[in-house]
Amino acid sequence: LFVSYSVGDMNVRLSSIDPDQTYGSVGANPAELSISADYKFGAVTVAAAYADNAFSDETAEALFLGAEYAINDAANVGVLYFDYDEFGGANDSARVTLYGNYTFDAITVAGYVANDDQAGLATDIAYGLGVSYDLGGARAAFDIHSNYAEDTIAGVGVRFDF
């Protein structure tokens, strides 16, 4: 079930996801209940979201907060905060991500750095840099990033827009 309401520059969404969509299995896994909202005022956009029974786990909840500032039509910067809690669980984590994008001519450069405090990660820091080129109806892209397992991963691709 999903409900969305917009008024002016504000959007609010409410959803319920039942993982057991067969008759007779009610209660096997609890429904995830979520609410989110975003609001844009001038060059700033703020957003928040909360999920109870996150991932249909009755002991888990998730929270998201985000803000983005549009420097101009070609550039923006933002900060994201994610918090995942399993009550008494080992998978609790909080992640903060800083990101930015800049477009000049047909080229867009994007980058991020993130810190995650989840137990068991090889490193708390992940970061990446990407470049894409608008081909007019298609986009060529290259990225390289380092993840929480300390792997360095590169990608190259082409996206077609129809």
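Novice: In this structure, what is going on with the sheet that holds strand β4 (residues 44-52)? I would like to understand it.
Specialist: Pairing between sheet strands relies on hydrogen bonds along the backbone, with the strands arranged either parallel or antiparallel. Here 11 strands make up an open sheet; going across it, the order is β1-β2-β3-β4-β5-β6-β7-β8-β9-β10-β11 and the pairing antiparallel. Edge strands, defined here as strands with exactly one partner in the open sheet, are β1 (2-7) and β11 (152-160). Averaged over all pairs of adjacent strands, the angle between their axes in this sheet comes to 10 degrees, without regard to strand direction.

Novice: Any chance you could explain the pairing of strand β6 (residues 75-86) here in plain terms?
Specialist: Regular strands show a simple pattern: their side chains alternate between the two faces of the sheet. The sheet contact formed by strand β5 (residues 60-72) and β6 spans 12 bridges and is antiparallel. Paired with A70 across the two strands is N76, which belongs to β6. As consecutive antiparallel partners, β5 and β6 are separated by 2 residues. Where β6 and strand β7 (residues 93-104) come together, 10 bridges link them in antiparallel fashion. Paired with V79 across the two strands is L98, which belongs to β7.

Novice: Explain the environment of G42 to me, please; I cannot follow it from the model alone.
Specialist: Here G42 shows up in the loop between β3 (32-41) and β4. Overall, G42 belongs to the exposed group, its relative accessible area being 63%.

Novice: Help me understand the side chain of S93 in this model?
Specialist: In this fold, S93 is placed in strand β7. Contacts of S93, omitting those with residues within four sequence positions, involve F82, D83, Y84, D116, D117 and Q118.

Novice: Even after reading the chapter, I still don't get the pairing of β3, so can you show me in this structure?
Specialist: Pairing analysis gives 8 bridges linking strand β2 (residues 10-17) to β3, with the strands arranged antiparallel. Residue pairing in the sheet places S16 in a bridge with L33 of β3. Sheet topology note: the β3/β4 ladder contains 9 bridges and is antiparallel. By the bridge assignment for β4, S36 is matched with A49. Between β3 and β4, which pair antiparallel one after the other, the connecting turn spans 2 residues, and G42 there sits at a positive phi close to 65 degrees.

Novice: Mind showing me how you'd approach the pattern of salt bridges here?
Specialist: A complete count under the given rule lists 4 salt bridges for this structure. The shortest N-O distance in the salt bridge between R95 and D116 comes to 2.7 Å. Here R95, found in strand β7, pairs with D116, found in strand β8 (residues 107-116); they are 21 residues apart in sequence, far enough to count as distant. According to the relative accessible area criterion, D116 is buried, its value standing at 1%. For R139, the salt bridge identified is with D134, shortest N-O distance 3.8 Å. Relative accessible area serves as the criterion here: at 34%, D134 is assigned to the partly exposed category.

The rules behind the values
Residues numbered from 1 in each chain as written. Predicted model: local features only at pLDDT ≥ 70, side-chain atom pairs only at ≥ 80, totals over all residues. Heavy atoms only, no water. Pairing = 2+ DSSP bridges. Helix = DSSP H or I, 4+ residues; strand = E, 2+ residues; numbered from the N terminus. Axes fitted to C-alpha atoms, helices over the stretch in contact; angles between N-to-C directions. Buried < 20%, exposed > 50% of the residue type's maximum accessible area, 1.4 Å probe, protein only. Contact = heavy atoms within 4.5 Å. Salt bridge = Lys/Arg side-chain N within 4 Å of Asp/Glu carboxyl O.

Fair warning: the whole summary comes from geometry, so function is off the table for now.
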